[in-house]
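Letter by letter, the chains look like this.
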Amino acid sequence: MIDRAEEKIRFIEWVKGLPNVPEVYSRPLNRKNPKSALHAKCLVIDENVVMLGSANLSYQGLRENIELGIILRDSEKISLIIKMLMGLQKYLKKIELYE
């Protein structure tokens, strides 16, 4: 899930070049509060591995900033994270990478 996909063209192009292209969702602009943002940094690899952290998935966030993250390998907790993220999908727009 990314915030304001229309502003993330380079990120979307990068995703399209991955060997296993993930589904990407965007949160529409909140017109009542346009400064609000999707601030979670959660990368679900599969049902066995999740990364949670402060880094944005950008060059600056991954290479230059001082960030903190953890890798979670607890399948019970990962299941709860996946359920929460799936529950958010009704509020999000799926980005069609190959239109």
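Conventions we followed
- Residues numbered from 1 in each chain as written.
- Predicted model: local features only at pLDDT ≥ 70, side-chain atom pairs only at ≥ 80, totals over all residues.
- Heavy atoms only, no water.
- Salt bridge = Lys/Arg side-chain N within 4 Å of Asp/Glu carboxyl O.
- Helix = DSSP H or I, 4+ residues; strand = E, 2+ residues; numbered from the N terminus.
- Buried < 20%, exposed > 50% of the residue type's maximum accessible area, 1.4 Å probe, protein only.
- pLDDT = per-residue confidence, 0-100.
- Core = buried A, V, L, I, M, F, W, Y, C linked by side-chain atoms within 4.5 Å.
- Patch = residues over 30% accessible without salt bridge, like charges linked within 9 Å, V, L, I, M, F, W, Y side chains within 5 Å.
- Areas by Shrake-Rupley, 256 points an atom, 1.4 Å probe, with all protein chains shown as cover.
- Pairing = 2+ DSSP bridges.
- Contact = heavy atoms within 4.5 Å.

## Topic: the pattern of salt bridges
- A full pass over the atoms with the stated rule returns three salt bridges.
- With its nearest N and O atoms 3.5 Å apart, the salt bridge here joins Glu23 to Lys94. Here Lys94 lies in strand β6 (residues 93–94) and Glu23 lies in the loop between α1 (9–16) and β2 (25–27), a separation of 71 residues in the sequence.
- A residue is classified by how much of its surface remains accessible, and Lys94, at 36% relative accessible area, is partly exposed.

## Section: the confidence of the model for the protein
- Chain-level statistics for the protein give a pLDDT mean of 82 and a share of 90% at 70 or above.
- Mean pLDDT across the secondary structure elements of the protein bottoms out at strand β1 (residues 2–3), with 64, and peaks at strand β5 (residues 69–72), with 93.

## Here we look at the nonpolar core
- Membership of the largest hydrophobic core is limited to six residues, which are Phe11, Ile12, Val15, Val24, Ile95 and Leu97.
- Counting five residues, the second largest nonpolar core, distinct from the first, contains Val50, Ile78, Ile81 and Leu85.

## A short note on a nonpolar patch on the surface
- On the surface, Met84, Leu88 and Tyr91 cluster together to form a nonpolar patch covering roughly 320 Å² of accessible area.
- Positionally, Met84 belongs in helix α3 (residues 75–88).

## As for the pairing of strand β4 (residues 49–53)
- As defined by bridge partners, strand β3 (residues 42–46) adjoins β4 across four bridges and the pair is classed as antiparallel. Within β4, the position partnered with Val44 by the bridge is Val50.
- Counting the residues that bridge the hairpin from β3 to β4 gives two residues.
- Summarising the sheet, β4 and β5 pair through four bridges and their orientation is antiparallel.

## Considering the environment of Lys41
- The residue Lys41 is located in the loop between β2 and β3 in this model.
- For Lys41 and Gly53, which are twelve residues apart along the polypeptide, the C-alpha to C-alpha distance reads 5.5 Å.
- If we ignore the near neighbours within four places in the chain, the residues touching Lys41 are Met51, Leu52, Gly53, Ser54, Ala55 and Asn56.

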